[in-house]
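The primary structure of each chain is shown beneath.
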Amino acid sequence: MNKVQDAIVDMYEQLPVPYGLVRFGVAPDHPEVKNCQDTFSQLASSPRFTYIGNVRIGHDLPLSSLVPHYNAIIFSYGASEDKRLNIPGEDLPGVHSAREFVGWYNGLPQFQSLKPNLENATDAVIIGQGNVALDVARILLTPTDKLRGTDITEQALETLSRSNVTSVQVVGRRGPLQAAFTVKEVRELRNIPSVFFSPILDNGFFPSDKNKLPRVQKRIAQVLLKDYPGPSSPTTKRWSLEFLLSPQQFRGNGSSHGSLSSIDFTRMEYAPDADPFSKSAKVIPSDGTATLFADVAFRSVGYKSASLPGLSDLGVPFDRKLGIIPNDPYGRVIAPVSTSSRTNPSTSIPSPEPINFIAKHIPGLYCAGWVKRGPTGVIASTMDDAFNTADVIAADWASNALFLNHEEGSTGLGWKGVKDEVISKGVRPVSWEDWKRIDEAEKERGRKLGKEREKFGSVKEMLKVLDS
Ligand SMILES: Cc1cc2nc3c(=O)[nH]c(=O)nc-3n(C[C@H](O)[C@H](O)[C@H](O)COP(=O)(O)OP(=O)(O)OC[C@H]3O[C@@H](n4cnc5c(N)ncnc54)[C@H](O)[C@@H]3O)c2cc1C
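Residues numbered from 1 in each chain as written. Predicted model: local features only at pLDDT ≥ 70, side-chain atom pairs only at ≥ 80, totals over all residues. Heavy atoms only, no water.

**Let's talk about unusual backbone geometry**
Of note, Asp6 is a non-glycine position whose phi angle comes to about 60 degrees, a positive value. Looking at the secondary structure, you find Asp6 in the segment before strand S1 (9-12). One non-glycine residue, Leu244, lies in the positive phi region at around 55 degrees. Considering the arrangement of structural elements, one finds Leu244 in the loop between strand S9 (238-242) and strand S10 (245-252). (Helix = DSSP H or I, 4+ residues; strand = E, 2+ residues; numbered from the N terminus.)

**Focus: the domain arrangement of the protein**
The assigned domain composition of the protein is domain 1 (9-80 + 311-449) and domain 2 (81-303). Between the C-alpha centres of domain 1 and domain 2 the distance comes to 33 Å. On the domain 2 side, the residues contacting the 17 residues of domain 1 number 21 residues. Between domain 1 and domain 2 lies a buried interface of about 1,500 Å² when both sides are counted; carbon and sulfur atoms form 56% of it. At the boundary of domain 1 and domain 2, one finds two salt bridges. Salt-bridge contacts for Lys34 lead to Asp151; the nearest nitrogen and oxygen are separated by 3.4 Å. On the surface where domain 1 and domain 2 come into contact, there are eight residue pairs in polar contact (both at pLDDT 80 or more). Considering each element in turn, the side of domain 1 that touches domain 2 owes the most residues, three residues, to helix H1 (residues 20-24). (Domains from an automatic or database assignment. Contact = heavy atoms within 4.5 Å. Buried area = accessible area lost by both parts, 1.4 Å probe. Salt bridge = Lys/Arg side-chain N within 4 Å of Asp/Glu carboxyl O. Polar contact = N/O pair within 3.5 Å; in protein donor to acceptor, adjacent residues only side chain to side chain.)

**Concerning the sheet that holds S9**
Read across the sheet, six strands follow the order S5-S13-S6-S7-S9-S8 without closing on themselves; strand pairing throughout is parallel. The sheet terminates laterally at strand S5 (95-97) and strand S8 (196-197), the two strands that pair on one side only. Lying on the sheet, helix H4 (residues 98-105) is in contact with S5 and strand S13 (296-299); it crosses S5 at an angle near 75 degrees. (Pairing = 2+ DSSP bridges. Axes fitted to C-alpha atoms, helices over the stretch in contact; angles between N-to-C directions.)

**A short note on the UniProt feature "binding site: NADP(+)" (unreviewed entry) in the protein**
Here the UniProt-annotated "binding site: NADP(+)" (unreviewed entry) positions come out as Gln129, Gly130, Asn131, Val132, Arg173, Arg174, Glu185 and Gly377. Mapped onto the elements of the fold, Asn131 is located in helix H5 (residues 131-141). If near-sequence neighbours (up to four positions away) are discounted, Asn131 is found in contact with Phe181, Thr182 and Glu185. Following the sequence through the fold, Val132 ends up in helix H5. What makes Val132 partly exposed here is its relative accessible area of 29%. Look past the residues within four positions of Val132 in its chain and what remains in contact with it is Ala98, Val102 and Ser300. (UniProt positions renumbered as here; feature names shortened; annotations may be inferred. Buried < 20%, exposed > 50% of the residue type's maximum accessible area, 1.4 Å probe, protein only.)

Take a look at the structure:
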């Protein structure tokens, strides 16, 4: 791996607390996944690293203020929005995005007032069949005693303990061999001792000789088709995977609040030229329809990055369709540059030749994580990808490629150059030492409750720790 000798790195984070989706996305019953935080905390002890929490770039601090003080800026601000289905009824009470539900049970301040009405619900439908969808299903179905020692919020535990949800249907547009979930997450759901998986899947979704399937799909087929022993204790809880259904409309129950009562779907079928056992098989709408009863529904069809105010002033063209900052395969931010002009400059007569564009690196700007390649991939792949970006920055530096302020020179002040501006806006920046105090206070709250930690559910509470 390439290195920049004596490089100084400042990391800005909009929340007082670090770790992004590792803290606010990864399921609370998967604590081992969060071990990557330890590596990060070791790095944060470097004297050449500064953590600046509670500063939202583009809002508390404009990008234009940062630019003079750095040689390079790396955009790594993740995916803060979710994809919508754009069908009628999507905003009915009882219809949630998985992003807000996950944020709610993980203590993300933005979603602490969500109040999912699980007490009056028996039927839950999750639309989408990725691992986030299965996380939501598992949290809905796992006995709360099993979640109690985790870092799930007390508020979420309390709501889940009063939940009357007994049926969770996880719905996908395609079949089991095309679904985005991975085998570990399916197996975990199948292994919850008090929950039935029903109905057992139609064998027609799989080839008669499963050995012909690629390894990953073969394992998925084995786990889905395996005849597990039934629940060890009497139960009414069940979950199912429903395939080849495309949502068309959420329907309300017509009462005063009109909350969700059912969801209409179009039945899909494999396209005539599709191989139904292939991962990429296409589906098309059939004439059939289906309706599923639902008191509560979760849309889990993906996250989406948003643009950052001030990006365009730096010449960065945010790609709204893909939800990424355009970049070359190494994480260099690129922008289209015209190589020919429609107008002949000497005569001002329009030229008939088409405009040609090439993509050029915008000096000093790089990206990493989900805003670099879209909201897919696990922590390990996101880390690899970040290492690649760091590598290319070091290589560019070594080869004297252009960086920010190449001609006039950066002030080299970094955070010190913008700190006063941030403070003058009444923003309280949070240092790594500050975070460690918040961390300790959360763990202390957790100890009293017999759990790993009890997160603060608001920025105000987090900052209050620092006043004491
Ligand atoms: C629900 C869910 C569960 C997951 N579970 C797993 C799992 O079990 N195992 C696994 O390996 N992977 C899991 N992942 C994937 C993993 O979380 C991601 O791969 C990874 O977190 C993406 O990293 P990132 O840095 O791009 O984004 P993030 O982790 O979202 O980090 C981006 C950070 O930028 C901050 N930010 C945003 N805007 C601004 C701004 N304007 N100014 C300053 N800061 C800003 C955000 O607050 C956030 O802290 C899961 C993802 C989700 C959504």
